[in-house]
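Residue-level listing of the chains:
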Amino acid sequence: MGERRTGERPGTAAGHGPAAPVPGEDGDPHCLGEGEARRLLAGHPWRRLVVLGGSAADPSPEPVPGYRSAPWYDRIASALRTAGAEPACLVLLGPRELAVGRVRSQQLARALDFRSDLALVCCDGTDLLRPSFAPDALEVELERIVTPLRDGGADVLVVGPYSLAHSARAPEPLRESVGLRQRVLMERARAVTLRHGALLLDLSVLPLPLPGTAVWGADRMRPDGRGHAVAAAAAVRRLGSFLAER
């Protein structure tokens, strides 16, 4: 997870023309500033962090000049470390996209055995890209993940994906319907979190202007190094606001 120098990122964002230079992590307002994590998370109570979800555990995001090539979950663990005791971490993210029901059946038992006090539940949008998209069933499965984690004493942050309508996972003819489905997914996730006193982070509504500050890699399938940095910063800020409200 070495440092990289600030520079320009070549290439284009599909449908938006040539990409503008990116500012580099230190100058990017969507990334954590110097000392920000320490200030936001000072005195945090978390000692055992578990990460669940259907996204592949990508230990080396596509490099972007000026940004550390570190995955979002490592960045969050590092932020917790700077503000308090180093947490024990268990990353259960699947090796491929998994529906929420598969996340529950394959990862939840291990997460509960770990006895975490902070759980990050990543909804990568796999369910909404399938012809069989069923919001009611998805809400039930997500609730079956969040409920036992909360009952076990963990604070839970559910993380929704960046706008999939701007990724290659949504072909041009399907972008509008994918965007609509993603809004439904987040509405259902919000309902679950509200019922159980959990937290929600919807990355799709972050004010990220295109194309110069895009978050997708060259294949537009997965977030690049900047996408991981922005997601981690948003998560740390959400956790920080939660601590401030306690």
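This is a predicted model, so every value here is computed, not measured. (Residues numbered from 1 in each chain as written. Predicted model: local features only at pLDDT ≥ 70, side-chain atom pairs only at ≥ 80, totals over all residues. Heavy atoms only, no water.)

## With respect to helix 2 (residues 72-83)
Because each turn of an α-helix spans 3.6 residues, side chains separated by three or four positions end up pointing in the same direction. In plain terms, the rule: Runs of H or I in DSSP of at least four residues are treated as helices and runs of E of at least two as strands, each being numbered from the N terminus. To estimate the expected span of a helix, subtract one from its residue number and multiply by 1.5 Å. Only protein chains enter the accessibility calculation, which uses a 1.4 Å probe; a residue whose area is less than 20% of its type maximum is buried, one above 50% is exposed, and one in between is partly exposed. Note on definitions: a residue-residue contact is assigned when non-hydrogen atoms from the two residues lie within 4.5 Å.
When the terminal C-alpha atoms of helix 2 are compared, their 17 Å separation across twelve residues agrees well with the 16 Å that a helix rising 1.5 Å per residue should span. Where helix 2 is concerned, the buried positions are W72, Y73, R75, I76, A77, A79, L80 and A83. Where helix 2 is buried, its residues contact helix 1 (36-41), strand 1 (48-53), strand 2 (88-91), strand 3 (118-122) and helix 6 (225-245).

## A short note on the nonpolar core
What counts here: Side-chain atoms within 4.5 Å are what join buried Ala, Val, Leu, Ile, Met, Phe, Trp, Tyr and Cys residues into a set we call a nonpolar core.
Counting residues in each nonpolar core, the largest one holds 69 residues, and the members touching the most others are L41, L52, W72, L142, L149 and V158. Once residues lying within four places of it in the same chain are set aside, the contact partners of W72 are V51, L93, L120, C122, H228, A231 and A232.

## Points about the packing of aromatic side chains
Given two aromatic rings, their pairing is described by the distance between the two centres and the angle made by the two planes. Where we set the bar: Stacked, tilted and edge-to-face are the three classes assigned to paired rings of Phe, Tyr and Trp, where Trp is represented by its six-membered ring and a pair needs centres within 6.5 Å; plane angles under 30 degrees give stacked, over 60 edge-to-face, the rest tilted.
Inspection of the entire model under this criterion finds three aromatic pairs. A centroid spacing of 5.8 Å and a plane angle of 80° characterise the contact between W72 and Y73, whose relative ring orientation is edge-to-face. For the pair W72 and Y73, a shared accessibility class is recorded, and that class is buried. On the numbers, 6.2 Å between centres and 75° between planes, the contact of Y162 with W216 is edge-to-face.

## Observations concerning helix 4 (residues 135-151)
Condition: Working definition: the arc comes from the directions between the helix axis and the C-beta atoms, pointing outward to the latter.
Its 17 residues place the ends of helix 4 24 Å apart at the C-alpha level, agreeing with the 24 Å of an ideal helix rising 1.5 Å per residue. All buried positions along helix 4 are accounted for by L138, E139, E141, L142, I145, V146 and L149. All buried residues of helix 4 fall inside an arc of 165° around its axis, so they share one side. Every exposed residue of helix 4 that faces more than 90 degrees away from the buried side is listed here: D136 and D151. Contacts from the buried residues of helix 4 go to strand 1, helix 3 (100-114), strand 3, strand 4 (155-160) and helix 5 (175-196).

## What to know about the sheet that holds strand 1
Formally: Between any two strands, pairing holds if DSSP finds at least two bridges. Interaxial angle, 0 to 180 degrees, is taken between N-to-C directions of lines fitted to C-alpha atoms, where a helix line uses only the stretch in contact.
The strand order across the open sheet formed by five strands is 2-1-3-4-5, and the pairing between neighbours is parallel. The sheet is open, and its two edges are formed by strand 2 and strand 5 (199-202), each paired on a single side. The average angle at which neighbouring strand axes cross in this sheet is 15°, direction not considered. Where strand 1 and strand 3 come together, five bridges link them in parallel fashion.

## Some details on the confidence of the model for the chain
The predicted coordinates ought not to be read in detail in places where the model reports low pLDDT. To keep things clear, this is the line we draw: Across the chain, each position has a pLDDT score giving the predictor's confidence in that residue, from 0 to 100.
Per-residue confidence for the chain gives a mean pLDDT of 87; residues scoring 70 or more make up 88%. Scored below 50 in pLDDT, residues 1-18 shows 44 contacts in the model against residues more than four places distant or in partner chains.

## Let's talk about unusual backbone geometry
One non-glycine residue, R115, lies in positive phi territory at about 55°. Tracing the backbone through its elements, the reader meets R115 in the loop between helix 3 and strand 3. We classify R115 as exposed; its relative accessible area is 68%. The backbone of R220 sits at a positive phi, close to 55°, despite the residue not being glycine. With respect to the element layout, R220 can be found in the loop between strand 5 and helix 6.

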